[in-house]
Amino acid sequence: MKIYKEKDYEALSQKAASIIASQVILKPECVLGLATGSSPVGTYRQLVEWYKKGILDFSQVTSVNLDEYKGLPKENDQSYYYFMHDHLFDHVNIKASYLPDGTKEDSDSECTRYEEQIRSLGGVDLQLLGLGHNGHIGFNEPADIFPDITHCVDLQESTIQANKRFFDSIDDVPRQAYTMGIGTIMRAKKILLVVNGEGKADTVRNAFFGPVTPQVPASILQFHPDVTLVADEAALSKCPL
Ligand code: GLP
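The following refers to the structure shown. (Residues numbered from 1 in each chain as written. Predicted model: local features only at pLDDT ≥ 70, side-chain atom pairs only at ≥ 80, totals over all residues. Heavy atoms only, no water.)

Comments concerning the pattern of salt bridges
On inspection of all chains with the given rule, the structure shows 10 salt bridges. In this structure, Glu49 engages Lys53 in a salt bridge whose closest nitrogen and oxygen atoms are separated by 3.2 Å. Owing to a relative accessible area of 37%, Glu49 belongs among the partly exposed residues under this scheme. The partner of Asp202 in a salt bridge is Arg205, and the shortest N-O contact between them spans 3.2 Å. Of this pair, Asp202 and Arg205 both sit in helix 7 (residues 201-209), three residues apart, which is roughly one turn of the helix. Exposure remark for Arg205: the relative accessible area of 30% places this residue in the partly exposed category. Within the structure, one salt-bridge network assembled from shared partners comprises Glu115, Arg119, Asp148 and Arg187. (Salt bridge = Lys/Arg side-chain N within 4 Å of Asp/Glu carboxyl O. Buried < 20%, exposed > 50% of the residue type's maximum accessible area, 1.4 Å probe, protein only. Helix = DSSP H or I, 4+ residues; strand = E, 2+ residues; numbered from the N terminus.)

And the structure:
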């Protein structure tokens, strides 16, 4: 694994954006796997700035997102559809972008459809990831197994607590989500993980310097051949580097 230790959030966002920009420049028709959460916001801001300056062109790029809350319509400002449009898609010339459809009641058929969508695009060239406090990637929560393909998950209490800050009340936080599986993520050719803050320091150490276990879903990334971790000093402060 390649690890970039950056001094702060601004610097890590710049570094992550440059890695995505390199992918887009080297393969303009690439498929980007994208993520939500607060971690990649600065990365998206930088990409939008480079697009506006004419440095980057997304006209042949397609994207697939990691996950979506089950039950939230696109126009809900907490849906990941809304987040992605707000932070990136509405500001760049991306060719096409896909997310799971949270309004689809039938989990099996929606998850099968989404997995097939990714496959029909030829898979993901570069997958951007954040890291949950409990070690989740996408919405793959700690479990006894590593789920392979896109599936519906029951969110853990700790995830509901972590994400309640974005909602008016904890009762508004959806209890389920559709997420790419660990297998879907692992099939991406390249993985780019962005992590910041002292609050994630234990999780980063457990995920990348501890045993590979489905109780820490991100730990599986130790087996991926092309992972780049871009983190600030605080997030790496407990790693034996
Ligand atoms: C959410 C998302 C994840 C994200 C994680 C961390 O639960 N499903 O994809 O990585 O939260 O979020 P943050 O970056 O805000 O800490």
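Thoughts on the packing of helix 1 (residues 9-26) against helix 2 (residues 41-52)
Where helix 1 meets helix 2, the closest approach of the two axes is 8 Å, and the angle between their N-to-C directions is 55°. For the element pair helix 1 / helix 2, the angle class is oblique. Both helix 1 and helix 2 take part in a crossing whose hand is right-handed. Contacts between helix 1 and helix 2 pair Tyr9, Glu10, Ser13, Gln14, Ala16, Ala17, Ser18, Ile20 and Ala21 from the former with Val41, Gly42, Thr43, Arg45, Gln46, Leu47 and Trp50 from the latter. Looking at the contact of helix 1 with helix 2 residue by residue, the class counts come to eight nonpolar, six polar and two charged. (Axes fitted to C-alpha atoms, helices over the stretch in contact; angles between N-to-C directions. Parallel < 35°, antiparallel > 145°, perpendicular 65-115°, else oblique. Left-handed = near helix turned anticlockwise from the far one by under 90°. Contact = heavy atoms within 4.5 Å. Nonpolar A, V, L, I, M, F, W, Y, C, P; charged D, E, K, R; others polar.)

Everything listed is a geometric property; what it means functionally is a separate question.
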